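# Architecture and fold: a report
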Amino acid sequence: MATLKDVAAKVGVSITTVSRVLNNRGAISEKTREKVFQAMKELDYFPNEMARSLSNRNSHLLGLIVPYINHPFFSLLTDAVELACRREGYKLLLCASGNSAQREKEHFSMLRANNVAGVLVCSRLDDATDYLKADFPLVSIERTISDIPSVSCDNYKGGTLAAQELAESGCRHVLLLGNRVKKYMPAYLRYQGFEEECLRLRLALRKYHLGEEDLFAEGLQDNLAAVFDEDPLLDGVFATSDVLAARLVTSLASLRKKPERLAVVGFDGVNVSEYCNISTVVQPITQMGAYAVHNLIRRINGEMVPDRTVLPVSFLRRDSSGPGANVLGR
């Protein structure tokens, strides 16, 4: 069985340095951190392995890895997870990866090194199975990972609800505004549901994709005019998150050439949609967090849990959609 000393020897640093890396303390270079975690992986080392095998079930620490904390969806989800942990008598260790593959792997290793009983993960990596091991208690949120239970919302239904709302708003030429998203992400299904429902409803559909990690739509305003210039008949937009919808609505004022009317529907049901009075497909984010914690604790206790838990969405109409609605105020 590998020891802390073995890891230090393999990297060529002191045991103290390895300990600081594991506990995320002190000024350690990124290069050294990477070497330490790579050595741990090669040696299959996790501290106190024998103690962990006996005490994991009694540990009252859970880990949560999210890509961002300042995004409204992940902020609300984190709050829901923490509340559910408290109700179950657990403490939460929170990690934000910044959507960095290396940081996500480091956080996972750090959480295991700190003897958490299990981990909830919102991974956006191409191959999370490279480091997420099914023999350790894990639950994935809004991501499908082989052999790991997941919790998500009914994204496909959400997409169909958005298309139906735009049709009821009188829209005939609609825009799908979203980030590029991989097919392994459940969010892909909201795109698919919207597209297929538009086809069924005979709505003319255009798509505009932002960068995969431009979750705050910072690149939207520069290209917004071109989107509407290319298709002046656009009269409805489905933004695949409330943040994108809010960015769209607030950016429309800068357009010199605007459509006659425009209905907008978002997705998530976070507070920014309320602030901007935007209709939205509401994810049950609080329930998703609670289910994820519940399923993880069941896994820790050796119980069977569903491979996939898919919770229903709902639709909340505000002033940005519906018959006669127009976010341009005409």
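Residues numbered from 1 in each chain as written. Predicted model: local features only at pLDDT ≥ 70, side-chain atom pairs only at ≥ 80, totals over all residues. Heavy atoms only, no water.

## Quick notes on helix α3 (residues 30-43)
The terminal C-alpha atoms of α3 lie 20 Å apart, and with 14 residues this matches the ideal 20 Å at 1.5 Å per residue to within 8%. Buried within α3 we find T32, R33, V36, F37, A39 and M40. Seen along its axis, α3 keeps its buried residues to an arc of 155°; they face one direction. Against the buried residues of α3 lie α1 (4-11), α2 (15-22) and α6 (101-113). With its phi angle positive at about 55°, D44 sits one or two positions after the end of α3. (Helix = DSSP H or I, 4+ residues; strand = E, 2+ residues; numbered from the N terminus. Expected span 1.5 Å × (residues − 1). Buried < 20%, exposed > 50% of the residue type's maximum accessible area, 1.4 Å probe, protein only. Arc of directions from axis to C-beta. Contact = heavy atoms within 4.5 Å.)

## Things to note about the sheet that holds strand β1 (residues 61-66)
Taken together, six strands build an open sheet; the order of strands is β2-β1-β3-β4-β5-β11 and the sheet is parallel. Unpaired on one side and paired on the other, β2 (91-96) and β11 (308-311) mark the two borders of the sheet. With direction set aside, neighbouring strand axes in the sheet form an average angle of 20°. Bridge count between strand β4 (residues 138-141) and strand β5 (residues 150-153): two bridges; the pairing is parallel. What sits directly across from S140, in β5, is S150. (Pairing = 2+ DSSP bridges. Axes fitted to C-alpha atoms, helices over the stretch in contact; angles between N-to-C directions.)

## Remarks on the nonpolar core
Within the largest apolar cluster, 67 residues are counted, with the highest numbers of intra-cluster contacts made by L62, L120 and F194. Sort the elements by how many residues they give to this core and helix α12 (residues 285-300) lands first, with seven residues. Once residues within four sequence positions are removed from consideration, L120 is found in contact with G63, L64, I65, V81, V139, I141, A292, V293 and L296. (Core = buried A, V, L, I, M, F, W, Y, C linked by side-chain atoms within 4.5 Å.)

## Some thoughts on the packing of helix α5 (residues 72-87) against α12
Packing of α5 against α12 brings their axes to within 8 Å, and their N-to-C directions diverge by 45°. With respect to their mutual orientation, α5 and α12 come out oblique. Like other packed secondary-structure pairs, α5 and α12 cross with a definite hand, here right-handed. The residues of α12 that touch α5, namely those facing F73, L76, L77, A80, V81, A84 and C85, are I285, T286, M288, G289, A290 and V293. Looking at the contact of α5 with α12 residue by residue, the classes come out as 11 nonpolar, two polar and no charged. (Parallel < 35°, antiparallel > 145°, perpendicular 65-115°, else oblique. Left-handed = near helix turned anticlockwise from the far one by under 90°. Nonpolar A, V, L, I, M, F, W, Y, C, P; charged D, E, K, R; others polar.)

## Details of the pairing of β11
It is a general feature of regular strands that their side chains alternate between the two faces of the sheet. Alternating residues of β11 divide into T309 and L311, all buried, and R308 and V310, none buried. Direction of pairing for β5 relative to β11: parallel, over a ladder of four bridges. Within β11, the position partnered with C153 by the bridge is L311.

## Re the side chain of S169
Turning to its location among the elements, S169 is positioned in the loop between α7 (155-168) and β6 (173-179). The exposure class assigned to S169 is buried, which follows from its relative accessible area of 4%. A distance of 2.7 Å separates a polar atom in the side chain of S169 from the backbone nitrogen of G322. (Polar contact = N/O pair within 3.5 Å; in protein donor to acceptor, adjacent residues only side chain to side chain.)

## Some thoughts on the confidence of the model for the chain
Looking at the chain, pLDDT values average 87 and 90% of them are 70 or higher. Taken as a whole, residues 49-57 scores under 50 in pLDDT and shows 16 contacts with residues more than four places along the chain or in a different chain. (pLDDT = per-residue confidence, 0-100.)

## Observations regarding the environment of A113
As for its position among the elements, A113 is in helix α6. Judged by its relative accessible area of 16%, A113 falls in the buried class.

## A few points about the pattern of salt bridges
Throughout the structure, instances matching the rule amount to eight salt bridges. Among the ionic pairs, R200 bridges to E197, the shortest N-O distance being 2.6 Å. Of the two residues, R200 and E197 both sit in helix α8 (residues 188-201), three residues apart, roughly one turn of that helix. E197 sits in the buried class, given a relative accessible area of 8%. We note a salt bridge from E230 to R206, for which the minimum N-O separation is 3.1 Å. Of this pair, E230 sits in helix α9 (residues 220-230) while R206 sits in strand β7 (residues 204-210); the two residues are 24 residues apart in sequence, bridging distant segments of the chain. Judged by its relative accessible area of 59%, E230 is exposed. When salt bridges with common partners are traced through the structure, they connect E165, E168 and R317 into a single cluster. (Salt bridge = Lys/Arg side-chain N within 4 Å of Asp/Glu carboxyl O.)

## Section: the sheet that holds β7
The six strands are arranged β7-β6-β8-β9-β10-β12 in an open sheet whose pairing can be described as mixed. Where the open sheet ends on each side, the last strands, each with one partner, are β7 and β12 (314-316). In this sheet, neighbouring strand axes are inclined to one another by 20° on average, regardless of whether the strands run parallel or antiparallel. As defined by bridge partners, strand β10 (residues 279-282) adjoins β12 across three bridges and the pair is classed as antiparallel. By the bridge assignment for β12, V282 is matched with S314. In the packing of α8 onto the sheet, contacts are made with β6, β7, β8 (236-239) and β9 (263-268), and the angle to β6 comes to roughly 170°.

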